[in-house]
Structures are given as C-alpha cells and as structure tokens.
Amino acid sequence: MKQFYKLMVLVAAISFTSTSLQAQCSASTTITDNGNGLFDFNTQAIGDPGLSSSAYIQFGDGTAFFDTTANASGSHQYYANGMFIITTTASFYDMNAMDSTGYCTATDVDTIYVVNAPPPIVPCSVHVYVTRQQGATDSDINFIPSVSSTFPVYQADWSMRDALGNLILTNNSSSVDTLSYSFTQGGWYDLNYYVAAYDSSTSTSCADSFALHFFVQDPACNMQMSMQQHNLPNNVVSLKGYSSIGYTSCYFLIEGNYFPNTDSVAYAFSSSGFHTVKFYAEYISATMICKDSMIVAIPVGGSPGSSCHAAFDLWEDSTNAGSWYAVNNSSGFIQSCTWDFGDGTTSSQMYPTHTYAVPGNYLICLTVGDNYGCSNSTCDSTSRITQQMSTNGVISTLTVVAPSVGIAENKTVLAETTLFPNPMEETTVITFNSSLAAYGKIEIVNILGSKVMQENVSITKGNNEIKLDTGSLVNGVYYVKIIAESRVLQTVKAVK
C-alpha cells in the first residue's frame, strides 16, 4: 500500500543587500511515494532569469543529490523505514560577479514516512560536494571538499583543465584533503574531484565525483571602477559607470532590476534615502580577461540647492597652545568636502589634520557638496579673540573632528549596536546608532584574522540598519567590524 505524508513545507525567499544580487528566489518540492521506499522528487524554483542555478537535495538518510539546474527531478530509494526530512536548496548566482556572495538561495523542507523499504542492496555509498573559497589574493583559491561515505575512502583525486581543455593539475591521494592553487592566468577553469571508497567485508567499492566550473580574475588586471550620479526630481537618479581600462560588456543591478549592456541608466527609485546600486564591467582581450564590480549606497531624494550645509566651529586646545580643532557640523547627504587651510593648501578629506609650515593667523574655509547640485561654503578665522584662546589666534596645527567628539578624543561614537540573528543565517542584520554621517565599510574576519567578507556602506547620523548576506560563510566564529575614517568603530563577535 502506498503511503505518503507531507507534514511540513518551509519555503524561504530571501532578499540580499549590497554584497549580493538584489533578487528574490523561491523553491518548492513535489514528492511522490511509489511504494517500497522509492520516491520521485521534482523541484520547482523561481529566480532571476538568465542567472546560473543549481539544486542540492539532502534526502535525510545520509545521501544527497546535486544538479546544475534549480529545476531538478529524479528518484530516490530508501533502504530503511521511518521518518526522513528532505531538504532542497535552490541557488541562483551570477557567474560574472566577482564578489563571492553574488547569489540568492531558497530552501524547502519536507517530512516523509517510509514503509516497506527493502534491505540495502548496495552497502557502499560515496557522495561528494566541493566549494571554493578565495585565498590571500584574487588568484589564490582554496577548494574545500565535503565527502560523506559509508566506508573508508581509499582514493581522492583532483584534476583541473583550462578553457582550452589542457590538463594543468593532477593530485592523487588516498585521503580527502583541501586543494589550494595559485593561478597565473585568468579565465574559465574546470575542476573535477573523484572519491572512491571500499567495503572490505563484501569486497564492494563505490565512487562519486563532482565537477566545478569557475572563473579566475587575471592577476595582471588592474581594473578600477567608479560611478557618477546626478539626482533629478521624483527620486530619479541618472547613473554613469566607468572602468579605468574600459570594458567590453557591463550591466547595472538596481532594486532587483537588471540593465544589461549599458554603462548609463536613469532610474526612478521606490523611495528616498540611501539605496544600493551595483555596476559590473568586464574587459576581454586576446591576452587578458578582467572582471570587477562595485556596490555603492547612494542618496536618493532631497531638494536641490538645500540638501547640504557647510558648518564648523573652531576651538583652541587650552592645554596645548597653537593646536586647534575644527568640529565639522556640516549636514545633508554630503558627497564632497574641501578644506582651504588659508596657507595655499587644501584637503578633500572630511576630517583631515593639517600642520602649518609657519605659525600665524589663518582664514579657514569649508565647502561641501552633494549629488543634488548643492554647494555650500563657510569660513572662520583663527584671529578671533575669545576666552578660549590663549595665543591671540596663532595656529600651528589644525585637526578636524566630528560632532559630539571630544577635542582630546578624535573618534566616531557608535551606540546600541546589535547583530541578529546570532548565530548568523542566510541574511544577518546589524543595527547601530551613529553620532555622525560617514562613508565606511563592514568587514567580517574569521577566528584566524583573515577577512572573508567586506561591504561598503553609508553610515547616516542616527539609527542605521544594514543587511549582510552571510549565507556563504562556513560554520565558525567571526568578528564583524564597523569601519569608518580609517579606524574600527565597533566589533561584534558572531557565530555561524
């Protein structure tokens, strides 16, 4: 008698932020009980069209199935009665994206009961899966195998070929091990991993293999990306992408919308505030293949001509004559900042430090601008005589600091920092309150201190909520760092 009980279905559709594809995907699995422990399965996955996809199905009995398309089907034989949990993971990923987190995954979990299963016919089974992880440089890659085997492994062989089919690596071993390789030339490569096991009691052997098709950035590439924006009314932004060595193809990815084969686009955002934009470009010549992408958070909305305001207050250190501080109180979506120190020198940094060649009285000016067409300036002189000044305005050094930062303590203040969920899942959210607005980045380092993830962010004054795509991180202990103004502002310990 055929029996099939579908007790639970969990479908997770996850949207990613700036380090991943701005996309959504979903997955579901149809399972049919054919009796005697034999089940047919069929996955139905939805993701961005045109992206590469895969399906990974774990049957709950220690075996798994992998297919290079998210919509996979087949049959599976169980050799034991009882309850089994079938987990299907569908992945959609951009083969052209250089960041390791450029994909979307969705998971479907089904519970089945198996009755009248036959005894095992083949006592030996091996199942292989391989992941890649970037090393110290773009051309250093670690290939990490995951092998499940019912009997001892006696053979584990690596082989790799370049785009022309030339065999460039063979590595024969009797045990499962990670492969590390330094590539001297960019391009597409094919990696194959073969594992065999042996059951001495029945003299039965079994094997499995896994093929990986991947891209390596050319070590000679020196591709620099940049982007210009011009804000228009009604949350419309005109964007233009650039590459220092040009490009043969490119695209924009904005709010999940894909704009191929163009380096410029005018886009109407769904709301004002900061939004994430990705620009990807590649350059292919007879001798080189270069690919890179940039992900930036841009301000959207505001009123042209009134969205920026330059302001600073000058103070002298009462315990160190000649040392002055400028508290930068500028407001708005500040994109550019120019300090004129009054001695013929300037700086484009938000919080610079300047040492004067000759002490004296100087007129210091600040000009700020944004991408709405706003430009605003203000000046102040150290020749003012107030009760805070002990040297009649004579200045030798000037240090610019942020608002709410003590004169003797030049650091940004973050408060109420939280990270959830912790342990981290596919998407992790970090929230904090900042005393100022700044451009910075989020770095995640592992327990050995190696950086495994970085995301450029725009920190706003007040409450911030930043989503991180942490689905590709392996299990372990990590430190999440909030960095701005060339310093670590906050570190949060997390596990995966």
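That block above? That's the structure.
Residues numbered from 1 in each chain as written. Predicted model: local features only at pLDDT ≥ 70, side-chain atom pairs only at ≥ 80, totals over all residues. Heavy atoms only, no water.

### Re the overall build of the protein
Reasoning step 1: Looking only at helices and strands, the protein has 0 helices and 39 strands in total.
Reasoning step 2: Relative to its full complement of 496 residues, the protein shows a buried share of 43%.
Reasoning step 3: A sequence separation of at least 24 residues applies to 59% of the contacts in the protein between residues at least 6 apart.
Reasoning step 4: Accessible surface, the protein: about 23,400 Å² in total, of which carbon and sulfur atoms supply 50%. (Helix = DSSP H or I, 4+ residues; strand = E, 2+ residues; numbered from the N terminus. Buried < 20%, exposed > 50% of the residue type's maximum accessible area, 1.4 Å probe, protein only. Contact = heavy atoms within 4.5 Å. Areas by Shrake-Rupley, 256 points an atom, 1.4 Å probe, with all protein chains shown as cover.)

### Regarding a nonpolar patch on the surface
Reasoning step 1: Together, Met83, Ile85 and Tyr113 make up an exposed nonpolar region whose accessible area comes to about 260 Å².
Reasoning step 2: Within the secondary structure, Met83 sits in strand β7 (residues 82–93). (Patch = residues over 30% accessible without salt bridge, like charges linked within 9 Å, V, L, I, M, F, W, Y side chains within 5 Å. Salt bridge = Lys/Arg side-chain N within 4 Å of Asp/Glu carboxyl O.)

### A closer look at the nonpolar core
Reasoning step 1: Ranked by internal contacts, the top residues of the largest apolar core, which has 22 residues, are Val130, Phe143, Trp158, Phe183, Leu191 and Phe214.
Reasoning step 2: Counting only elements with at least two residues in this core, the list comes to β9 (126–134), β10 (140–149), β11 (153–161), β14 (187–199) and β15 (204–216).
Reasoning step 3: The next biggest cluster of nonpolar side chains, apart from the first, holds 21 residues, and it includes Ala438, Ile442, Ala484 and Val492. (Core = buried A, V, L, I, M, F, W, Y, C linked by side-chain atoms within 4.5 Å.)

### Some remarks on the environment of Asn192
Reasoning step 1: Locating Asn192 in the fold gives a position in strand β14.
Reasoning step 2: Considering only alpha carbons, one finds Asn192 and Val130, 62 residues apart in sequence, at a separation of 9.2 Å.
Reasoning step 3: Apart from the residues within four sequence positions on either side, Asn192 is in contact with Asp157, Trp158, Ser159, Ser209, Phe210 and Ala211.

### Focus: the sheet that holds strand β2 (residues 26–33)
Reasoning step 1: Spatially, the 3 strands line up as an open sheet ordered β2-β3-β6, and their pairing is antiparallel. At either margin of the open sheet sits one strand with a lone partner, and together these are β2 and β6 (73–77). On average, adjacent strands in this sheet sit at an angle of 25° to one another, irrespective of strand direction.
Reasoning step 2: Sheet topology places β2 next to strand β3 (residues 38–46); 8 bridges connect them, and they run antiparallel. The partner of Thr29 across the bridge, within β3, is Thr43. (Pairing = 2+ DSSP bridges. Axes fitted to C-alpha atoms, helices over the stretch in contact; angles between N-to-C directions.)

### Side note on the sheet that holds strand β25 (residues 323–328)
Reasoning step 1: A sheet is described by the order of its strands in space; here 4 strands give the open sequence β24-β25-β32-β29, paired in mixed fashion. Single-partner strands in this sheet number two, and they are β24 (312–316) and β29 (353–360). Neighbour-to-neighbour, the strand axes of this sheet turn through a mean angle of 25°, independent of strand direction.
Reasoning step 2: With 5 bridges connecting them, β25 and strand β32 (residues 395–401) associate as parallel partners. Along β32, the bridge assignment pairs Ala326 with Val400.

### A word on the packing of aromatic side chains
Reasoning step 1: Under the criterion given, the structure shown has 24 aromatic pairs.
Reasoning step 2: An angle of 25° between the planes, with centres 5.0 Å apart, marks the rings of Tyr251 and Tyr280 as stacked. Here Tyr251, found in strand β18 (residues 249–254), pairs with Tyr280, found in strand β21 (residues 273–284); they are 29 residues apart in sequence, far enough to count as distant.
Reasoning step 3: By relative accessible area, Tyr251 is classed as buried at 4%. (Phe/Tyr/Trp six-rings, centres within 6.5 Å; stacked < 30°, edge-to-face > 60°.)

### Overview of unusual backbone geometry
Reasoning step 1: Cis geometry is adopted by the peptide bond preceding Pro421, which originates at Phe420 and carries an omega value of -10°.
Reasoning step 2: Topologically, Pro421 is positioned in the loop between β33 (414–420) and β34 (427–434).
Reasoning step 3: One non-glycine residue, Asn234, adopts positive backbone phi at about 60°.
Reasoning step 4: With respect to the helices and strands, the residue Asn234 is situated in the loop between β16 (225–232) and β17 (236–243).
Reasoning step 5: A relative accessible area of 71% means that Asn234 is categorised as exposed.

### Quick look at the pairing of strand β22 (residues 289–300)
Reasoning step 1: The buried fraction of β22 is high, at 9 of 12 residues.
Reasoning step 2: Here β21 folds back onto β22 in antiparallel fashion, the turn holding 4 residues.

### Re the side chain of Thr43
Reasoning step 1: By the element assignment, Thr43 lies in strand β3.
Reasoning step 2: At a separation of 2.7 Å, a polar atom in the side chain of Thr43 contacts the main-chain carbonyl oxygen of Ala70.
Reasoning step 3: In this structure Thr43 touches Ser28, Thr29, Ala55, Ile57, Ala70, Asn71, Ala72 and Thr88, once residues within four positions along its chain are discounted. (Polar contact = N/O pair within 3.5 Å; in protein donor to acceptor, adjacent residues only side chain to side chain.)

### Describing the pairing of strand β12 (residues 167–173)
Reasoning step 1: Bridge count for β11 against β12 is 6 bridges, and the pairing is antiparallel. In the sheet register, Trp158 faces β12, and the bridge partner there is Asn171.
Reasoning step 2: Connecting the antiparallel pair β11 and β12 is a turn made up of 5 residues, with Gly165 showing a positive phi of about 90°.

### Focus on the state of the cysteines
Reasoning step 1: In total, this model carries 2 disulfides according to the counting rule given.
Reasoning step 2: With its sulfur 2.2 Å from that of its partner, Cys25 forms a disulfide with Cys104. The sign of the S-S torsion, about -95°, decides the handedness of the disulfide formed by Cys25 and Cys104: left-handed. Linking Cys25 in the loop between β1 (9–11) and β2 with Cys104 in strand β8 (residues 103–114), this pair joins segments that are 79 residues apart in sequence. Taken as a pair, Cys25 and Cys104 share a single burial class, namely buried. (Disulfide = S-S within 2.5 Å.)

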